[in-house]
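Secondary and tertiary structure notes
Each chain is listed here by its residues.
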Amino acid sequence: MNIKLPTGRLARWALLIQSFNVKIDYLPGRRNVVADTLSRSPFPDLPPGEKIPICITIPGRSPSEVRSQQLEDPELAKIIHSFEDSDDSDLPKWIERGYLMSNGLLYRYSQNIDSEEAALAVPHQKRDRILHEYLDLDLAAHYGVDRTYRRIAQRYFWIGMKKYIAEYLKNCGDCQRYKASNQKPAGLVQTPEYAQKFEVLSIDLFDPLPERDAGERWIFIIKDTASKWVELFALIRPAAEEY
């Protein structure tokens, strides 16, 4: 409530609270004994110490399904066929770039990510789904481009992944709504002041024109930024040693 210039979500909360007669009383932690979600048992009749098994079904994909999806991507299919054909001349190039095959699936090691495991190569048709799981679900979080890239790169890889993530976040409604900009506001346009005329000169060359009788095809332009005086000179070639 003491922020001078609130922005984003804080500004909307401040406008909403202004319509009410609010009195805020601070309570130290030891006095704030209001029960929260973790201290309220969803099973009030459960005997103390009793455990309740919870079953969670996690959807998974078989290796054959992932392989078929990788083969649908032309770029990944070319690398996979290169690994499966030992006589392919491009195989050393892919190995040098960190690619490897395991159980029929294509992976890649990345030197930029602190991970001992290789990342699964993702086909182009599954990239939006991965970003949806990492950013759009209720349990996901919006960490920005760099942190999101590092999280996803621990398990997945595709060419141009960081740029792809940046474009995805640029179109994310929650990021645009709640993320405050860290950039400083743009400064005002400053009009320079000149002490005298012909203090600052601007020069330029005009593109080649139809050739004249004397062979001139270029125009050398000199302009005084204070008085706006312009001088034009016809040139045969835009080379200083010619003059």
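Here, the structure is the one placed above.
This write-up is about the structure you can find in this document. (Residues numbered from 1 in each chain as written. Predicted model: local features only at pLDDT ≥ 70, side-chain atom pairs only at ≥ 80, totals over all residues. Heavy atoms only, no water.)

1. What about the overall build of the chain?
Short version of the rule: Comment: elements are numbered from the N terminus, with helices defined as DSSP H or I runs of at least four residues and strands as E runs of at least two. Between buried and exposed lies partly exposed: a residue is buried under 20% and exposed over 50% of the maximum accessible area for its type, with that area taken using a 1.4 Å probe on protein chains only. Only heavy atoms matter for contacts: two residues are in contact if any of them lie within 4.5 Å across the pair. Reported accessibility uses the Shrake-Rupley method at a 1.4 Å probe radius. Residues are deemed covered only where the shown protein chains occlude them.
Within the chain, the regular secondary structure consists of eight helices and seven strands. For the chain, buried positions account for 20% of its 243 residues. The contacts in the chain between residues at least 6 apart in sequence include a share of 37% that link residues at least 24 apart. Per element, the accessible surface of the chain, about 20,100 Å² overall, is 53% carbon and sulfur.

2. Some points on a nonpolar patch on the surface
Note the cut-off: Candidate patch residues must exceed 30% relative accessible area and have no salt bridge, after which like charges are joined if within 9 Å and Val, Leu, Ile, Met, Phe, Trp or Tyr side chains if within 5 Å. Salt bridges are identified by distance alone: a Lys or Arg side-chain nitrogen within 4 Å of an Asp or Glu carboxyl oxygen.
A cluster of nonpolar side chains, L10, W13, L16, I17, F20, V22 and I24, forms an exposed patch at the surface whose accessible area comes to about 720 Å². Along the chain, the position of L10 falls in helix 1 (residues 8–17).

3. Some thoughts on the pairing of strand 2 (residues 105–108)
Here is the rule: When DSSP finds at least two bridges between two strands, those strands are taken to pair.
Pairing of strand 1 (residues 99–102) with strand 2 involves four bridges; the strand directions are antiparallel. Looking across to strand 2, one finds that S102 is bridged to L105. The turn joining strand 1 and strand 2, which pair antiparallel and follow one another in sequence, is formed by two residues; a positive phi near 55 degrees is taken by N103.

4. Remarks on the sheet that holds strand 3 (residues 119–121)
Strand order in this open sheet of four strands is 1-2-3-4, and the pairing throughout is mixed. Lying at the two open borders of the sheet, with one neighbouring strand each, are strand 1 and strand 4 (156–157). Two strands pair when backbone bridges link them, and strand 2 and strand 3 are joined in this way by two bridges, in the antiparallel orientation. By the bridge assignment for strand 3, Y107 is matched with L120.

5. Observations concerning the packing of helix 5 (residues 127–136) against helix 7 (residues 161–170)
Defined as follows: To get an axis, a line is fitted to the C-alpha atoms, and for a helix only the part in contact is used. The angle between two axes follows their N-to-C directions and goes from 0 to 180 degrees. Orientation is classified from the angle alone, with under 35 degrees giving roughly parallel, over 145 giving roughly antiparallel, 65 to 115 giving roughly perpendicular, and any other angle giving oblique. We call a crossing left-handed when the near helix sits turned anticlockwise from the far one by less than a right angle, and right-handed when that turn is clockwise. Under the scheme applied here, ten amino acids are nonpolar (Ala, Val, Leu, Ile, Met, Phe, Trp, Tyr, Cys and Pro), four are charged (Asp, Glu, Lys and Arg), and all others, including Gly, are polar.
Helix 7 packs onto helix 5 with a crossing angle of 60 degrees between their chain directions and a minimal axis gap of 11 Å. In this view, helix 5 runs oblique relative to helix 7, as classed from their interaxial angle. Here helix 5 and helix 7 pass one another in a crossing that is right-handed. Of the residues in helix 7, those touching helix 5 at R127, D128, L131, H132, L135 and D136 are Y164, I165, Y168 and L169. Counted by class, the contact of helix 5 with helix 7 contains six nonpolar, one polar and three charged residues.

6. Points about empty space enclosed by the protein
What counts is decided by this rule: Definitions used throughout: a 1 Å grid over protein atoms alone; a cavity as a set of points that fits a 1.4 Å probe which cannot get out; a pocket as an open set with protein on both sides within 12 Å along at least five of seven lines; a lining residue as one with an atom within 4 Å of a point. Grid points are joined across faces, edges and corners, and a volume is the space filled by probe spheres set on the points.
Applying the stated rule across the entire model yields one cavity of 30 Å³ or more. Lining the largest cavity, in full, are R108, Y109, S110, I113, S115, E117, A118, A119, A153 and Q154.

7. Looking at the nonpolar core
Our working definition: Side-chain atoms within 4.5 Å link the members of a nonpolar core, which is a set of buried Ala, Val, Leu, Ile, Met, Phe, Trp, Tyr and Cys residues.
Counting residues in hydrophobic clusters, the biggest one holds 19 residues, and the most contacted among them are I130, I152, Y156, M161 and I165. Counting residues per element, the ones that place at least two in this core are helix 5, helix 6 (145–153) and helix 7. Ranked by the residues each element gives to this core, the list is headed by helix 5, at four residues. With residues up to four places along the chain from it excluded, the contact list for M161 reads Y149, I152, A153 and Y156. Counting eleven residues, the second largest nonpolar core, distinct from the first, contains L76, F83, Y99 and A121.

8. Quick look at the sheet that holds strand 5 (residues 201–206)
Pairing is antiparallel in the open sheet, where three strands are placed in the order 5-6-7. Both outer strands of the open sheet, strand 5 and strand 7 (230–235), are each paired with one neighbouring strand and no more. This sheet shows a mean twist of 15 degrees between the axes of neighbouring strands, independent of strand direction.

9. Some words on the pairing of strand 7
Pairing of strand 6 (residues 218–224) with strand 7, which is carried by six bridges, proceeds in the antiparallel orientation. Paired with W218 across the strands is L235, a residue of strand 7. Hairpin geometry of strand 6 and strand 7 is characterised by an intervening segment of five residues between the two adjacent antiparallel strands and by a positive phi of about 65 degrees at K228.

10. Considering the side chain of D224
In plain terms, the rule: His residues and chain termini do not enter the charge count, which takes Lys and Arg as positive and Asp and Glu as negative. Here a polar contact means two N or O atoms within 3.5 Å. Within protein one must be a hydrogen donor candidate and the other an acceptor candidate, and residues neighboring in sequence count only if both atoms are side-chain atoms.
Its location among the elements puts D224 in strand 6. One buried charged residue, D224, remains without a salt bridge, the closest side chain of opposite sign being K197 at 6.8 Å. Of the polar contacts made by the side chain of D224, one reaches the backbone nitrogen of F198; its length is 3.0 Å. Dropping the residues within four chain positions of it, D224 is found in contact with K197, F198, E199, V200, L201 and W229.

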